[in-house]
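# Descriptive analysis of the structure
The primary structure of each chain is shown beneath.
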Amino acid sequence: MLSIDRSIVDAIVAHARRDHPDEACGVVAGPVGSDTPTRHIPMENSARSMTFYEFDSMEQLRVWREMDDRDEEPVVIYHSHTATEAYPSRTDVSFAGEPGAHYLLVSTREPDTEEIRSFRIVDGVVTEEPVRIVDAVVDPHAVQSYMFGQSPATVDYECSGR
Amino acid sequence: MAIEVRIPTILRSYTGGAKVVEGAGDTLGDLLTDLDSRHAGLKARLVTDAGALHRFVNVYVNDEDVRFLGALDAKLNDGDSVTILPAVAGGAFGFAAAAAISQHRAAAAAISQHRAAAAAIAPRVARSAVAAR
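Summary of the structure given here. (Residues numbered from 1 in each chain as written. Chains lettered and ligands numbered in written order. Predicted model: local features only at pLDDT ≥ 70, side-chain atom pairs only at ≥ 80, totals over all residues. Heavy atoms only, no water.)

### As for the overall build of chain B
- Helix and strand counts for chain B come out as 5 helices and 6 strands.
- Secondary structure elements in chain B, listed N-terminal to C-terminal, are β-β-α-α-β-β-β-β-α-α-α.
- For chain B, restricting intrachain contacts to residue pairs at least 6 apart in sequence, the fraction spanning at least 24 positions comes to 56%.
- Per element, the accessible surface of chain B, about 6100 Å² overall, is 54% carbon and sulfur. (Helix = DSSP H or I, 4+ residues; strand = E, 2+ residues; numbered from the N terminus. Contact = heavy atoms within 4.5 Å. Areas by Shrake-Rupley, 256 points an atom, 1.4 Å probe, with all protein chains shown as cover.)

### Details of helix 1 (residues 28-38) of chain B
Residues and elements named next belong to chain B.
- Buried within helix 1 we find L28, G29, L31, L32 and L35. All buried residues of helix 1 project into a common sector of 160 degrees when viewed along the axis, lining one side.
- The secondary structure elements touched by the buried residues of helix 1 are strand 1 (3-6), strand 2 (20-23), helix 2 (42-46), strand 3 (57-61) and strand 5 (81-86). (Buried < 20%, exposed > 50% of the residue type's maximum accessible area, 1.4 Å probe, protein only. Arc of directions from axis to C-beta.)

### Some details on unusual backbone geometry
- The amide bond that connects H20 of chain A to the next residue, P21 of chain A, takes the cis arrangement and shows omega of 10 degrees.
- Topologically, P21 of chain A is positioned in the loop between helix 1 (6-19) and strand 2 (25-31).
- At D35 of chain A, a residue that is not glycine, the phi angle is positive and equals roughly 55 degrees.
- Positionally, D35 of chain A belongs in the loop between strand 2 and strand 3 (39-43).
- Even without glycine at this site, A71 of chain B takes up a positive phi of about 50 degrees.
- On the accessibility criterion, A71 of chain B (6% relative accessible area) is buried.

### Here's the deal with the pattern of salt bridges
- With the rule as written, the count across this model stands at 17 salt bridges over all chains.
- A salt bridge links R48 of chain A to E44 of chain A; the nearest nitrogen and oxygen atoms lie 2.9 Å apart.
- Note that R55 of chain B and E54 of chain A form a salt bridge whose closest N and O atoms lie 2.9 Å from each other. Of this pair, R55 of chain B sits in the loop between helix 2 and strand 3 while E54 of chain A sits in strand 4 (residues 53-54), which puts the two residues in different chains. In this structure, R55 of chain B and E54 of chain A share a single accessibility class: buried.
- One network of salt bridges, in which partners are shared, links R39, E66, R70 and E72 of chain A. (Salt bridge = Lys/Arg side-chain N within 4 Å of Asp/Glu carboxyl O.)

### Looking at empty space enclosed by the protein
- Across all of its chains, the model carries 3 cavities of 30 Å³ or more by this definition.
- Quantified by volume, the second largest cavity comes out at close to 90 Å³.
- Looking at the second largest cavity, it is lined by 14 residues, and the ones nearest its centre are Y53, F95, A96 and Y103 of chain A together with A89 of chain B.
- Secondary structure elements with two or more residues in the lining of the second largest cavity: helix 3 (90-95) and strand 6 (102-107) of chain A.
- When the residues that make up the lining of the second largest cavity are grouped by side-chain class, the tally is 10 nonpolar, 2 polar and 2 charged. (1 Å grid on protein atoms, 1.4 Å probe; cavity = no way out; pocket = protein on both sides within 12 Å on 5 of 7 lines; lining within 4 Å. Points joined across faces, edges and corners; volume = space filled by probe spheres on them. Nonpolar A, V, L, I, M, F, W, Y, C, P; charged D, E, K, R; others polar.)

### What about the sheet that holds strand 6 of chain A?
Residues and elements named next belong to chain A.
- Taken together, the 6 strands give an open sheet; going across it, the order is 3-2-5-6-7-8, and neighbouring strands pair in mixed fashion. One side of each edge strand has no neighbouring strand; the edge strands of this open sheet are strand 3 and strand 8 (125-129). Averaged over neighbouring strand pairs, the angle between their axes works out to 30 degrees when direction is ignored.
- Examined bridge by bridge, strand 2 and strand 3 share 5 bridges and lie antiparallel to one another. Residue pairing in the sheet places V27 in a bridge with I41 of strand 3.
- Helix 2 (residues 57-69) contacts strand 2, strand 3 and strand 5 (72-81) of the sheet and is inclined by roughly 170 degrees relative to strand 3. (Pairing = 2+ DSSP bridges. Axes fitted to C-alpha atoms, helices over the stretch in contact; angles between N-to-C directions.)

### A short note on the sheet that holds strand 5 of chain B
Residue and element names in this part refer to chain B.
- Here we have 5 strands laid out as an open sheet, ordered 2-1-5-3-4, and mixed in their pairing. With partners counted over all chains shown, the strands left at the sheet margins are strand 2 and strand 4 (64-65), one partner each.
- Across 2 bridges, the pairing between strand 3 and strand 4 is antiparallel. By the bridge assignment for strand 4, V61 is matched with E64.

See the structure below:
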């Protein structure tokens with residue numbers, strides 16, 4: 001399960017939309033061991049491609065050192081697919097080098113639909129996980145009352161079953 | 001002659017969990033051979049069978065990407081700091097990715113400096129794609 005703040009998801013989706021039709025990429029850092037993404041860092045896609053992304057190696061060194069200095073780690077590594085579903089490609093799997101990270105994929109193929117999915121990629125094995133968006137803005141007309149245990153401030157996205 | 005080497009999480013299984021190790025060598029290639037004598041298997045994760053630096057890692061000497069310093073031939077001095085990071089890359093399509101890799105400036109620099117690297121990159125990506133299928 002990835003728990004991530006609504007404002008960070010919004011910023012990631014905005015970044016992906018801005019760079020569309022090229023793929024966008026970035027990191028969300030968080031305190032080491034917390035599994036909580038707190039600091040959104042949009043990265044440059046040095047490949048500037050519609051089908052490929054790559055962190056600029058010098059920007060990555062700077063950002064990774066900065067995380068180290070702040071006792072942070074890359075909790076989320078995200079990128080967009082601009083014409084296909086938000087599912088890791090074989091290229092994504094071969095490159096996945098952070099076994100502790102949540103690999104978040106955003107698809108911008110539909111201009112009006114937010115498509116985000118999260119995966120663990122360890123030793124070449126892809127496992128989808130649910131995404132919980134916290135502090136979500138809930139349409140007051142959508143839900144009239146809340147049952148015990150329900151929270152109007154979170155939205156859970158289950159895995160889509162692939 | 002001691003050179004500090006920073007190891008990324010994914011490779012710490014080779015260093016007994018250590019984040020920083022020390023090694024020696026006049027070039028990056030020599031350093032990796034030296035490290036492999038104490039951390040067996042580490043070099044194979046960084047260098048391809050064809051003897052080029054692996055596509056899936058970034059290696060830095062102090063503040064420079066070694067692809068711009070001669071890759072495995074990059075000269076090292078006592079007190080240098082070497083940092084290894086997993087390259088973060090991917091994308092929607094495997095074949096297009098291979099094309100993008102060949103156009104990438106860092107890869108292009110490596111190719112021009114290392115003819116062996118040119119031969120190694122494309123088959124390596126193709127092999128990985130097959131392995132991941």
